[in-house]
Amino acid sequence: GGGGGESNVTMGPGGRITALVEPHVTFRRLSRDEAERELTNATPGTYVVRPSSRPGCLSLSYRCPNAAGATSASGSNVAHLLLIKSSRGWCKEDSQGKFFVAVFDLLKWLSRTVVLKLGNAALAASEGLAVDDDVASVAA
């Protein structure tokens with residue numbers, strides 16, 4: 001055990017999480033609308049973690065596959081999930097009893113049921129952060 005993937009969050013006013021620093025996780029300060037705009041034409045599985053309007057939470061926005069019924073009510077092909085930080089770890093809104101030390105561990109668990117390309121398919125950071133090429137080679 002003992003992976004070095006600790007989540008380092010910055011709390012803002014009202015208990016909102018304003019920043020996340022964690023290996024292999026792309027965090028950007030985007031609104032829901034901005035995330036949808038940037039992800040709409042991205043490859044299915046491309047994702048970004050962003051601030052949530054709910055205290056103690058982050059939002060995961062990801063591009064859905066172009067399948068029938070995959071579009072949300074707004075007609076978008078981008079879906080959003082709430083990631084909740086609790087005293088027991090990170091969890092999804094409705095994942096009873098599933099808690100993870102790191103956001104990336106939660107994303108890996110989510111990727112079993114949701115198309116998420118973990119590795120180099122995250123929405124590129126506007127600051128030009130380098131992408132780990134060696135991570136991408138694992139997902140053959």
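As a reminder, the structure under discussion sits directly above these lines.
One structure accompanies this document, and this report is about it.

How each quantity is defined
Residues numbered from 1 in each chain as written. Predicted model: local features only at pLDDT ≥ 70, side-chain atom pairs only at ≥ 80, totals over all residues. Heavy atoms only, no water. Helix = DSSP H or I, 4+ residues; strand = E, 2+ residues; numbered from the N terminus. Buried < 20%, exposed > 50% of the residue type's maximum accessible area, 1.4 Å probe, protein only. Contact = heavy atoms within 4.5 Å. Areas by Shrake-Rupley, 256 points an atom, 1.4 Å probe, with all protein chains shown as cover. Core = buried A, V, L, I, M, F, W, Y, C linked by side-chain atoms within 4.5 Å. Pairing = 2+ DSSP bridges.

**Considerations on the overall build of the chain**
Item 1. Within the chain one finds three helices and six strands.
Item 2. If you list the helices and strands of the chain from N to C, you get β-β-α-β-β-β-β-α-α.
Item 3. Across the 140 residues that make up the chain, the buried fraction comes to 44%.
Item 4. Across the chain, the fraction of contacts at a sequence separation of at least 24, relative to all contacts at a separation of at least 6, is 41%.
Item 5. Of the accessible surface of the chain, which amounts to about 7,900 Å², a share of 50% is contributed by carbon and sulfur atoms.

**Thoughts on the nonpolar core**
Item 1. By size, the foremost hydrophobic cluster in this structure holds 25 residues, and its most contacted members are L20, V49, L60, L83, W90, L107 and L116.
Item 2. Elements supplying a minimum of two residues to this core: β2 (17-21), β3 (47-51), β4 (57-63), β5 (78-86) and α2 (103-110).
Item 3. Among the elements that line this core, the one with the most residues is α2, at six residues.
Item 4. Beyond its immediate chain neighbours, meaning those up to four positions away, L60 contacts Y47, V48, V49, A79, H80, L81, L83, L107, L110 and L116.
Item 5. Among the nonpolar cores identified, the runner-up in size contains six residues, and A35, L39, A42 and V48 belong to it.

**What to know about the pairing of β4**
Item 1. Extensive coverage of β4 is indicated by the burial of seven of its seven residues.
Item 2. Neither face of β4 is left uncovered, since the one carrying C57, S59, S61 and R63 and the one carrying L58, L60 and Y62 both have all their residues buried.
Item 3. Of the pairings in the sheet, the one linking β3 to β4 comprises five bridges and is antiparallel in character. Counted as the bridge partner of Y47 is Y62 from β4.
Item 4. Linking β3 back to β4 in an antiparallel pair, the connection comprises five residues, with G56 at a positive phi of about 70°.

Any functional reading would require information that these geometric values do not contain.
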